[in-house]
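Residue strings, one per chain:
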Amino acid sequence: MSKIPLVDLQAQYQAHKQEFDAAIAGCLARASFVGGPDHEAFAGEFAEWCGGGHVALVGNGTDALTLALKEILGPSDGVGEVITASHTFIATGGAISAAGYRPVFVEVDAETCLMDPDAVEAAIRPNTRAILPVHLYGEMAEMDKVMAIARHHGLKVIEDAAQAHGAKWQGKGPGHWGDAACFSFYPGKNLGAWGDGGAVFTRDADLAGRISRHADHGREDKYLHQVEGVNSRLDGIQAAVLRVKLRHLDAWNEARRQVAAWYDELLEGKEAVERVKTREDAVHVRHLYVIQIERRDEVLKALQDQGIGAGIHYPVPLHEQPVFSHLGYGSDDLPITSAAARRILSLPLFPEMSQAQVERVAETLLAAVSS
Ligand SMILES: *Cc1c(COP(=O)(O)O)cnc(C)c1O
């Protein structure tokens, strides 16, 4: 029985081995490990790919969020709050805390699993400073509504685009709505390095410069520091790998949509399998293909027993995380989010996935949900 992983990074390396090997060999030959020509070139190429703007490259997606929050909101005043969805990866909330702000968690829409703008509006208080929408699974939040709320209340908007490289809402991508969009290049993301990496994309050149400096010891000159900083730099080798991958990203996102379309066809009309809804106004980049089912844990086990690498993104919502217990949420404060966390299941999806593999996953899934 051959295995079908959740993501197949080996297939991607093998398919473009020569390009990757040459890019990495170039870095080794030049000994350009921090900064260097690939770093500079990738920042420009990624900004261009995001639709024109400015990019600050950083060490990972979490730092992209943390440094963007710090530079956009300024130093913590001890009471400022940032509203985000509870249904997300831990880093979204962690970055808000790390920047010195208090995370305020709100509900998602039951069908799309994306941040509910009405819930955001209801959570605004005098201490609210920013909204942090999460473009989960490869589809953007309803940014027209989020921006209207932000403008009305004078709030900043920082987008978590870690799962949304290339996504669009009403024709515009991450960072073309809010003050900045934060990307992760963790290996399994749509654009992933061979290690950690991250970026902030913004239309504001000054902001991008401030974040870049913040990520490089607050350095303006080699040994002269006007502001405090941290070390959160993207390695030269990772930049070289990302330059190779960026050239294939549009094709890979298209291949992901094809895989999703195969799943859609096979799961259409199957009552026991509720697909997370996607909307007309969105260009989806299918970071994950997520369904909602009953008896989720049993079905997950049945898939795993058949060598199918399904996963859960994410099983424990942030308002229920022990690390955030000091925020005082009860486990039934966000019932839509908690219900979704019990029912969601991510099926294998990667650009190299074959139609036969999709068929095997769907067959195994349908057998498991009806047994
Ligand atoms: C991956 C991810 C992050 C964090 O990115 P890292 O590069 O792992 O630090 C943040 N938010 C979301 C939604 C993510 O999926």
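Residues numbered from 1 in each chain as written. Predicted model: local features only at pLDDT ≥ 70, side-chain atom pairs only at ≥ 80, totals over all residues. Heavy atoms only, no water.

Asker: How should the side chain of K189 be read in this particular structure?
Answerer: Within the fold, K189 resides in the loop between β7 (180-184) and β8 (198-202). Residues in contact with K189, not counting those within four places in the same chain, are A162, H165, S184, R256 and H287. (Helix = DSSP H or I, 4+ residues; strand = E, 2+ residues; numbered from the N terminus. Contact = heavy atoms within 4.5 Å.)

Asker: Got a minute to help me understand the environment of Q238 in this structure?
Answerer: Along the chain, the position of Q238 falls in helix α9 (residues 236-267). Since its relative accessible area comes to 9%, Q238 is described here as buried. Residues Q238 and A167, spaced 71 residues apart in sequence, show a C-alpha to C-alpha distance of 23 Å. Those residues in contact with Q238, other than ones at most four positions away along the chain, are A193, W194, G195 and D196. (Buried < 20%, exposed > 50% of the residue type's maximum accessible area, 1.4 Å probe, protein only.)

Asker: Teacher, can you tell me more about the pairing of strand β3 (residues 102-106) here?
Answerer: Where a strand is regular, its side chains alternate between the two sheet faces. Taking burial as the measure, the five residues of β3 include four buried ones, the bulk of the element. Where strand β2 (residues 81-85) and β3 come together, five bridges link them in parallel fashion. Looking at β3, one finds that T84 is bridged to F105. In the classification by handedness, the crossover that spans β2, the intervening helix α5 (residues 90-98) and the parallel β3 is right-handed. (Pairing = 2+ DSSP bridges. Right-handed = clockwise from strand over helix to strand, strands pointing away.)

Asker: Sorry if this is basic, but what is going on with the packing of helix α3 (residues 37-49) against α9 here?
Answerer: Axes are the key here: two packed helices are described by the angle between their axes and the distance separating the axes. Their axes nearest at 8 Å, the elements α3 and α9 cross at an angle of 25°. Looking at the two axes, α3 sits roughly parallel to α9. The element α3 and its partner α9 pack so that their crossing is left-handed. Together, D38, H39, A41, F42, E45, F46 and W49 of α3 and G236, A239, A240, L242, R243, L246, L249, D250 and N253 of α9 make up the contact between the two elements. (Axes fitted to C-alpha atoms, helices over the stretch in contact; angles between N-to-C directions. Parallel < 35°, antiparallel > 145°, perpendicular 65-115°, else oblique. Left-handed = near helix turned anticlockwise from the far one by under 90°.)

Asker: What am I meant to see in the domain arrangement of the chain here?
Answerer: Interface size is often expressed as the accessible area that is lost when the parts come together. Taken as a whole, the chain is organised into domain 1 (9-243) and domain 2 (249-370). Of note, the centres of domain 1 and domain 2, computed from C-alpha atoms alone, are 24 Å apart. Listed per partner, the contact involves 44 residues of domain 1 and 36 residues of domain 2. Taking both sides of the interface into account, the surface hidden between domain 1 and domain 2 amounts to around 3700 Å²; carbon and sulfur atoms contribute 59%. On the domain 1 side of the interface with domain 2, the three residues burying the most area are F105, Y137 and N190, jointly 20% of the side's total. Applying the counting criterion to the domain 1 and domain 2 interface returns three salt bridges. Between K277 and E111 there is a salt bridge; the shortest N-O distance is 3.3 Å. The set of elements that each furnish at least two residues to the side of domain 1 that touches domain 2 consists of α1 (9-15), α5, β3 and β6 (168-169). Residue contributions to the side of domain 1 that touches domain 2 peak at five residues, all from β3. Looking at the side of domain 1 that touches domain 2 residue by residue, the classes come out as 20 nonpolar, 16 polar and eight charged. (Domains from an automatic or database assignment. Buried area = accessible area lost by both parts, 1.4 Å probe. Salt bridge = Lys/Arg side-chain N within 4 Å of Asp/Glu carboxyl O. Nonpolar A, V, L, I, M, F, W, Y, C, P; charged D, E, K, R; others polar.)

Asker: Looking at this structure, how should I read the site of the ligand?
Answerer: Around the ligand, 15 residues are found, and the nearest of them are G61, T62, D160, S184 and K189. Between the ligand and G61 there is a distance of 2.7 Å, counted from an oxygen atom to a backbone nitrogen or oxygen. In this structure, an oxygen atom belonging to the ligand sits 3.0 Å away from a side-chain N or O atom of K189. Taking 380 Å² as the accessible area of the ligand by itself, protein coverage stands at 92%. Most atoms of the ligand, that is more than half of them, are within 2 Å of grid points of the largest pocket. Mapped by element, the contributors of at least two residues to the shell around the ligand are α4 (61-73) and α5. Of the residues belonging to the shell around the ligand, the class tally is five nonpolar, eight polar and two charged. (Near = heavy atom within 4 Å. Polar contact = N/O pair within 3.5 Å; in protein donor to acceptor, adjacent residues only side chain to side chain. Areas by Shrake-Rupley, 256 points an atom, 1.4 Å probe, with all protein chains shown as cover. 1 Å grid on protein atoms, 1.4 Å probe; cavity = no way out; pocket = protein on both sides within 12 Å on 5 of 7 lines; lining within 4 Å. Sits in = over half its atoms within 2 Å of the grid points.)

Asker: Help me out: how do you make sense of unusual backbone geometry in this one?
Answerer: Most peptide bonds take the trans form, and the phi angle of most residues other than glycine is negative. The linkage connecting H313 with the following residue, Y314, adopts the cis geometry, with an omega of 10°. Structurally, Y314 is set in the loop between α10 (296-305) and α11 (335-343). The phi dihedral of Y137 is positive, around 70°, even though this residue is not glycine. Relative to the helices and strands, Y137 is located in the loop between β4 (128-132) and α7 (143-153). Exposure remark for Y137: the relative accessible area of 3% places this residue in the buried category. For H217, which is not glycine, the phi torsion reads 65° and is therefore positive. Locating H217 in the fold gives a position in the loop between α8 (205-214) and β9 (219-221).

Asker: Even after reading the chapter, I still don't get the packing of helix α2 (residues 17-30) against α9, so can you show me in this structure?
Answerer: In the contact formed by α2 and α9, the axes pass within 9 Å of each other and the chain directions differ by 150°. Between α2 and α9, the interaxial angle falls into the category roughly antiparallel. Here α2 and α9 pass one another in a crossing that is right-handed. Residues E19, F20, A23, I24, C27 and L28 of α2 pack against G236, I237, A240, V241, V244, K245, R247 and H248 of α9.

Asker: Even after reading the chapter, I still don't get a nonpolar patch on the surface, so can you show me in this structure?
Answerer: A cluster of nonpolar side chains, namely L28, F33 and V34, defines an oily patch on the protein surface of about 280 Å² accessible area. Assignment of secondary structure puts F33 in the loop between α2 and α3. (Patch = residues over 30% accessible without salt bridge, like charges linked within 9 Å, V, L, I, M, F, W, Y side chains within 5 Å.)

Asker: Looking at this structure, I do not really get the nonpolar core. What am I missing?
Answerer: In a soluble, globular protein the nonpolar side chains are often hidden away together inside. Counting 46 residues, the largest nonpolar core has F42, F46, M143 and F185 as the members making the most contacts within it. Considering every element that reaches this core, the biggest residue donor is α7, with five residues. When residues are assigned to domains, this core turns out to be shared by domain 1 (9-243) and domain 2 (249-370), each giving three or more. Among residues more than four places away in sequence, those in contact with F42 are L57, F185, L191, L234, A239, L242, R243 and L246. Counting residues in each nonpolar core, the second largest holds 38 residues, with I4, A310, I344 and L349 among its members. (Core = buried A, V, L, I, M, F, W, Y, C linked by side-chain atoms within 4.5 Å.)

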